[in-house]
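# Architecture and fold: a report
Residues per chain are reported as follows:
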Amino acid sequence: MKRPAPSLSIICLAIASLLLAGHANAQQEDAAATGPLLTIEEISVEPEKPAADTLCRLRVKLRNAGEQIASRLGFAVSLNGQDLGVYGNQIFMFPVDPGTTEEVSLYNFWTTETSRAMPADGKLRVEVTLKEAVWTQRAMETDEEGEIEVWTPIGPVEDLPVKASVTLQMKTSG
């Protein structure tokens with residue numbers, strides 16, 4: 001007994017399904033290949049081997065692979081998993097020009113405090129998260145008082161948050 005031939009509409013539906021699935025996979029692969037346009041390239045902590053009760057300087061290098069200036073940077077910083085609350089409501093109005101890597105100074109921190117003891121293993125894990133940023137346009141405008149720089153938000157930077165971390169070996173004596 002002969003099988004009935006599939007109808008033309010079923011064949012077209014099957015082909016359309018395969019094409020749509022292939023297109024969706026290609027879009028996901030493109031997004032995964034390009035990744036976020038604003039990334040944390042490096043975390044710098046000074047001193048590199050702090051002791052207990054040491055004030056440390058914290059800086060990050062941000063790379064902007066986008067085509068506009070990135071600014072209005074919102075960070076979160078944690079030390080051994082404990083968030084530093086000061087970043088909860090702070091925005092850094094530092095411009096990161098397109099195609100550049102810029103260093104941004106963040107807030108200094110103490111290695112230990114009353115609520116954060118010396119880690120038992122002597123390692124201090126510093127994690128920095130770039131939670132938010134805004135694509136920005138800068139222009140010079142003139143008014144009756146002279147020339148002023150105007151920053152205009154264009155839209156949010158996509159694919160955030162991004163995270164990076166560094167682990168410091170702490171001095172345990174002397």
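Quick note: structure is the one above.
### Concerning the overall build of the chain
Helices and strands together make up the secondary structure of the chain, namely one helix and nine strands. Reading the helices (α) and strands (β) of the chain from amino to carboxyl end gives α-β-β-β-β-β-β-β-β-β. The buried share among the 174 residues of the chain stands at 32%. Pairs at least 24 residues apart make up 68% of the contacts formed inside the chain by residues separated by at least 6 positions.

### A look at the side chain of S71
Here S71 shows up in strand β3 (residues 69-79). In this structure the side chain of S71 is engaged in a polar contact, spanning 3.3 Å, whose partner is the backbone oxygen of F94. Those residues within four positions of S71 in sequence are excluded, and the remaining contacts are F92, M93, F94, P95, A133, V134, T136 and W151.

### Quick notes on the environment of G122
Tracing the backbone shows G122 in the loop between β6 (109-110) and β7 (123-143). For G122 and K171, which are 49 residues apart along the polypeptide, the C-alpha to C-alpha distance reads 7.3 Å. When neighbours within four sequence positions are excluded, G122 is seen to be in contact with L168, Q169 and M170.

### Looking at unusual backbone geometry
The omega torsion across E46 and P47 is 0°, close enough to zero to call that bond cis. Put simply, L160 and P161 share a cis peptide bond, and its omega is 15°. Inspection of the secondary structure assignment puts P161 in the loop between β8 (146-156) and β9 (162-169). Not every positive phi belongs to a glycine, and R72 is a case in point at roughly 50°.

### A short note on the packing of aromatic side chains
Scanning all chains against the criterion turns up four aromatic pairs. Aromatic pair Y87 and Y107: ring centres 5.3 Å apart, planes at 50°, arrangement tilted. With Y87 in the loop between β4 (82-83) and β5 (101-105) and Y107 in the loop between β5 and β6, this pair connects stretches of sequence that are 20 residues apart. Assessed through its relative accessible area of 2%, Y87 is described here as buried. An aromatic cluster of at least three residues, connected via ring pairs, comprises F75, Y87, F92 and Y107.

### Side note on a negative patch on the surface
Residues E141, D143, E144 and E145 make up a contiguous surface patch of negative charge. For E141, the location among the structural elements is in strand β7.

### Overview of the environment of G74
Relative to the assigned elements, G74 resides in strand β3. Once residues within four sequence positions are removed from consideration, G74 is found in contact with Q90, I91, T129, L130, K131 and E132.

### Focus on the pattern of salt bridges
Oppositely charged side chains may form a pair once their charged atoms are brought near each other. Taken as a whole, this structure holds eight salt bridges when the rule is applied. Close ionic contact of E42 with K61 constitutes a salt bridge, the shortest N to O distance being 3.7 Å. With E42 in strand β1 (residues 38-46) and K61 in strand β2 (residues 55-64), this residue pair connects regions lying 19 residues apart in the sequence. Accessibility expressed as a relative area gives 39% for E42, which makes it partly exposed. Looking at K61, the relative accessible area reads 30%, which means it is partly exposed. Each of the salt bridges in this network shares a partner with another, and the network as a whole consists of E46, R57, R59 and E103.

Rules and cut-offs
Residues numbered from 1 in each chain as written. Predicted model: local features only at pLDDT ≥ 70, side-chain atom pairs only at ≥ 80, totals over all residues. Heavy atoms only, no water. Helix = DSSP H or I, 4+ residues; strand = E, 2+ residues; numbered from the N terminus. Buried < 20%, exposed > 50% of the residue type's maximum accessible area, 1.4 Å probe, protein only. Contact = heavy atoms within 4.5 Å. Polar contact = N/O pair within 3.5 Å; in protein donor to acceptor, adjacent residues only side chain to side chain. Phe/Tyr/Trp six-rings, centres within 6.5 Å; stacked < 30°, edge-to-face > 60°. Patch = residues over 30% accessible without salt bridge, like charges linked within 9 Å, V, L, I, M, F, W, Y side chains within 5 Å. Areas by Shrake-Rupley, 256 points an atom, 1.4 Å probe, with all protein chains shown as cover. Salt bridge = Lys/Arg side-chain N within 4 Å of Asp/Glu carboxyl O. Lys, Arg positive; Asp, Glu negative; His and termini not counted. Charge placed at Lys NZ, Arg CZ, Asp CG, Glu CD.

All we've got here are geometric facts, nothing functional implied.
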